[in-house]
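Topology and contacts: notes
In case you want the letters, here they are:
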Amino acid sequence: MDTQTRHALKHDRFVDSTNATLDWAADNRGTLIRYGVIALVVIALVIAAIWTYSVRQQKAESILGQGLSIYETPLRVPGEPADASQGSYDTAAARAKAAYPLFEKAADNYGWLRAGEDARYFAGLAQVDMGDQAKAETELKKAAKAHNSNIAALAKMALASLYVQTNRSSQAIDIYNELAKHPTMSVPASAAQLQLASLYENTNPEKAKQLYAKIKDQNKKTAAGQIATEQLQKLK
């Protein structure tokens, strides 16, 4: 078969295929239009969802940022004049009281976003500073269920500390053991173990020594290992 014939056959096949496609499209025009409209609607919904998520994320971060700006304000030194432009606070409780409504707003309205989960954690810390242990526990328990494991771990650490303060050491021990078994970037195993050992110092000194020794051996080149070494020397 010569080259010219092969080209002619290829051209004929292309024409036949194109004509068949056009015929099918003509016969199924309604179906194509319907699916085309559905595709456009889906695309529009996806774009709207992305835009809505972005806007809400920005709002949540803005509210959280305002709360943190207040919460991180240095306390006024006795005798120092108040700064009306930035706000100033004599006590941690007063500062927390000013920041809490913003944390609560971000957490309640945007709890499904990262900023909302962060806000719930800080709402718990603010309640601790304000001295309302019951509300602090409620907030921290919610924060402990955050999808973000780092925030959840920090909330659990704060919750365990609250349990220690309210004479519920057994619950604190359970949390520290859980965190040690499931470490995160925000709460490594050694951090939870150090808190647990510190708790045992008054109730079970021998167990505290054993735990400090374990931390020392497993964290020889870290700050946790150094702290464990120092505490071991104090307990001797």
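As a starting point, this report considers the structure included with it.

**Quick word on the overall build of the chain**
- Within the chain one finds 10 helices and 0 strands.
- From first element to last, N terminus to C terminus, the chain shows the α and β order α-α-α-α-α-α-α-α-α-α.
- Counting across all 236 residues of the chain, residues that qualify as buried make up 33%.
- Contacts in the chain between residues at least 24 apart in sequence constitute 46% of all its contacts with a sequence separation of at least 6.
- Taken as a whole, the chain presents about 15000 Å² of accessible surface, with 56% of it coming from carbon and sulfur.

**Description of the pattern of salt bridges**
- With the rule as written, the count across this model stands at 8 salt bridges.
- Of the charged contacts, one joins R120 and D108 as a salt bridge, the two residues approaching to 2.8 Å between their closest N and O atoms. Taken together, the positions of R120 in helix α4 (residues 114–130) and D108 in helix α3 (residues 92–109) put the pair 12 residues apart, joining distant regions of the chain.
- Each member of the salt-bridge network shares a partner with another, and the members are D108, R120 and E139.

**Things to note about the side chain of Q127**
- Mapped onto the fold, Q127 is located in helix α4.
- In this structure Q127 comes out as buried when scored by relative accessible area, which is 2%.
- Leave out the neighbours within four places in its chain, and Q127 touches Y100, D132, K135, A136 and E139.

**Quick look at the nonpolar core**
- Within the largest apolar cluster, 58 residues are counted, with the highest numbers of intra-cluster contacts made by Y71, F103, Y121, F122 and Y212.
- Looking at which element gives the most residues to this core, the answer is helix α6 (residues 149–165), with 10 residues.
- Once residues lying within four places of it in the same chain are set aside, the contact partners of Y71 are R95, A96, A99, F103, F122, L125, A126 and D129.

**Observations regarding the packing of aromatic side chains**
- Using the criterion set out here, one finds 4 aromatic pairs in the structure.
- Between Y71 and F103, the aromatic rings sit 5.7 Å apart at their centres with planes inclined by 80°, giving edge-to-face as the arrangement. You can see Y71 sitting in helix α2 (residues 29–71) and its partner F103 sitting in helix α3, a full 32 residues away along the chain. There is no split in this pair, since Y71 and F103 are both buried.
- In this structure an aromatic cluster arises from ring pairing among Y71, F103, Y121 and F122.
- One Lys or Arg, R95, reaches over the ring of Y71 and ends 6.0 Å from the middle of that ring.

**Brief notes about unusual backbone geometry**
- At N167, a position not held by glycine, the phi torsion is positive, near 60°.
- Residue placement: N167 occurs in the loop between α6 and α7 (169–181).
- Overall, N167 belongs to the exposed group, its relative accessible area being 71%.

**With respect to the environment of E72**
- By the secondary structure assignment, E72 is in the loop between α2 and α3.
- Here the alpha-carbon distance between E72 and R95, two residues 23 residues apart in the chain, equals 8.5 Å.

**Structural notes on the packing of α7 against helix α8 (residues 189–203)**
- Where α7 meets α8, the axes come as close as 8 Å, and the angle between the chain directions of the two elements is 155°. When the axis of α7 is compared with that of α8, the two are roughly antiparallel. In this structure, α7 meets α8 at a crossing whose hand is left-handed. Residues S169, A172, I173, Y176, N177, L179 and A180 of α7 touch α8, and the partners they reach there are A189, A192, Q193, Q195, L196, L199 and Y200.
- Of the residues belonging to the contact of α7 with α8, the class tally is 10 nonpolar, 4 polar and no charged.

**Remarks on helix α9 (residues 205–218)**
- The terminal C-alpha atoms of α9, which comprises 14 residues, lie 20 Å apart, in line with the 20 Å expected from a rise of 1.5 Å per residue.
- Among all positions in α9, only A208, L211, Y212 and I215 are buried. Viewed end-on, α9 has its buried residues packed into an arc of 100°, placing them on one side of the element. Facing away from the buried side of α9 by more than 90 degrees, the exposed set consists of Q210 and D217.
- Turning to α9, the residues buried within the fold contact α8 and α10 (223–235).

Calculation notes
- Residues numbered from 1 in each chain as written.
- Predicted model: local features only at pLDDT ≥ 70, side-chain atom pairs only at ≥ 80, totals over all residues.
- Heavy atoms only, no water.
- Helix = DSSP H or I, 4+ residues; strand = E, 2+ residues; numbered from the N terminus.
- Buried < 20%, exposed > 50% of the residue type's maximum accessible area, 1.4 Å probe, protein only.
- Contact = heavy atoms within 4.5 Å.
- Areas by Shrake-Rupley, 256 points an atom, 1.4 Å probe, with all protein chains shown as cover.
- Salt bridge = Lys/Arg side-chain N within 4 Å of Asp/Glu carboxyl O.
- Core = buried A, V, L, I, M, F, W, Y, C linked by side-chain atoms within 4.5 Å.
- Phe/Tyr/Trp six-rings, centres within 6.5 Å; stacked < 30°, edge-to-face > 60°.
- Lys NZ or Arg CZ within 6 Å of the ring centre and 35° of its normal.
- Axes fitted to C-alpha atoms, helices over the stretch in contact; angles between N-to-C directions.
- Parallel < 35°, antiparallel > 145°, perpendicular 65-115°, else oblique.
- Left-handed = near helix turned anticlockwise from the far one by under 90°.
- Nonpolar A, V, L, I, M, F, W, Y, C, P; charged D, E, K, R; others polar.
- Expected span 1.5 Å × (residues − 1).
- Arc of directions from axis to C-beta.

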